[in-house]
Amino acid sequence: MSNVLRSRRTVRAFKPLPLGRQLVEDILEDAATAPSGANIQPWRVYVVSGAVKDELGAALLAASRAGTVPAPAHFPDPLPDVFRGRLQDFGARYYASLGIDRNDAAARARQSERNLSFFGAPVGLLFSIDRRLKPHSWIDLGLFAQNVMIAAKARGIDTCPQVSFAPFHEVIASHLQMAPEEVTAFGMSMGYGDPDAKVNQTAMPREQVRDFARVVGFPE
Ligand SMILES: Cc1cc2nc3c(=O)[nH]c(=O)nc-3n(C[C@H](O)[C@H](O)[C@H](O)COP(=O)(O)O)c2cc1C
């Protein structure tokens, strides 16, 4: 299990290999074993492939280029220093892996747009939740999504979780005929990662346990 967890990485370039419907449904069935507060299981997921995925991607790209979608505000402004430092470190590693100059806004925008076509993955997932629920239930959705990624990785399949879809809720909801109470929380690309792609070769660092955990009361 530890090996599967440690081998999962965000993958942003995929081999042109299809993923079967049964395989995806098996992953989702595993993922649905996630715990949820009072077992309310608030997750909803839309799985898109083939022409449906391509059409959705085209509609998202058109909306993005038309500038009708609100600018993403995934983080507070100002972002506390401790997080800003990590975000900047992420950006430096990510754009370096793509050979993109961080000051080249056009190149960065082109790369961001690739989110909307699921980075070329054969399968895309859109995760939604009932907007009437509180942040407490978004924890459940996150646990479910992590289970999806780990259940996929256990089968040799790679993923990219993507909050980039969230600002496009209106377009996504109309394409996928979501119920009015649903809101798109994030999306995910899924497929067989291309190990030769430079963008897939950068490991993102983690803080040490001693830096984020305070462990007390154990015998010395
Ligand atoms: C909720 C969430 C949203 C994310 N959104 C995006 C995204 O929109 N686009 C993207 O390329 N990566 C996205 N990521 C991937 C993160 O950048 C990545 O998980 C992080 O840099 C750590 O790298 P690793 O997953 O390879 O360990 C997201 C990750 C999470 C958990």
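Quick note: structure is the one above.
Since the model is a prediction, treat every value here as computed from it, not as a measurement.

Engineer: Hey, could you run me through the pattern of salt bridges in this one?
Structural biologist: If charged atoms from side chains of opposite charge come close, those side chains can pair. Enumeration according to the criterion identifies 10 salt bridges in this entry. In this structure, the salt-bridge partner of Asp54 is Lys53, at a minimum N-O distance of 3.5 Å. Residue class for Asp54 comes out partly exposed when judged on its relative accessible area of 48%. Lys53 gets classed as buried once you look at its relative accessible area, which sits at 10%. Between Arg93 and Asp89 there is a salt bridge, with its nearest N and O atoms 2.8 Å apart.

Engineer: What am I meant to see in unusual backbone geometry here?
Structural biologist: Glycine aside, negative phi is the norm for most residues, and most peptide bonds take the trans geometry. Cis rather than trans, the peptide bond between Asp77 and Pro78 has omega equal to 5°. When you line up the elements, Pro78 lands in the loop between helix 3 (50-66) and helix 4 (81-98). The backbone of Gln41 sits at a positive phi, close to 50°, despite the residue not being glycine. Along the chain, Gln41 falls in the loop between helix 2 (21-31) and strand 1 (44-49). According to the relative accessible area criterion, Gln41 is partly exposed, its value standing at 39%. Residues other than glycine seldom take positive phi values, yet Gln177 does so here, at roughly 50°.

Engineer: How should I be thinking about the site of the ligand in this particular structure?
Structural biologist: Around the ligand lies a shell of 14 residues, among which Thr10, Arg12, Val163, Ser164 and Arg206 are the nearest. Between the ligand and the protein, one listed contact pairs an oxygen atom with a side-chain N or O atom of Arg8 at 3.0 Å. When the free accessible area of the ligand is taken as 620 Å², the share hidden by the protein chains comes to 70%. Looking at the shell around the ligand element by element, the count peaks at three residues for strand 3 (residues 158-162). Split by residue class, the shell around the ligand holds six nonpolar, four polar and four charged.

Parameters and conventions
Residues numbered from 1 in each chain as written. Predicted model: local features only at pLDDT ≥ 70, side-chain atom pairs only at ≥ 80, totals over all residues. Heavy atoms only, no water. Salt bridge = Lys/Arg side-chain N within 4 Å of Asp/Glu carboxyl O. Buried < 20%, exposed > 50% of the residue type's maximum accessible area, 1.4 Å probe, protein only. Helix = DSSP H or I, 4+ residues; strand = E, 2+ residues; numbered from the N terminus. Near = heavy atom within 4 Å. Polar contact = N/O pair within 3.5 Å; in protein donor to acceptor, adjacent residues only side chain to side chain. Areas by Shrake-Rupley, 256 points an atom, 1.4 Å probe, with all protein chains shown as cover. Nonpolar A, V, L, I, M, F, W, Y, C, P; charged D, E, K, R; others polar.

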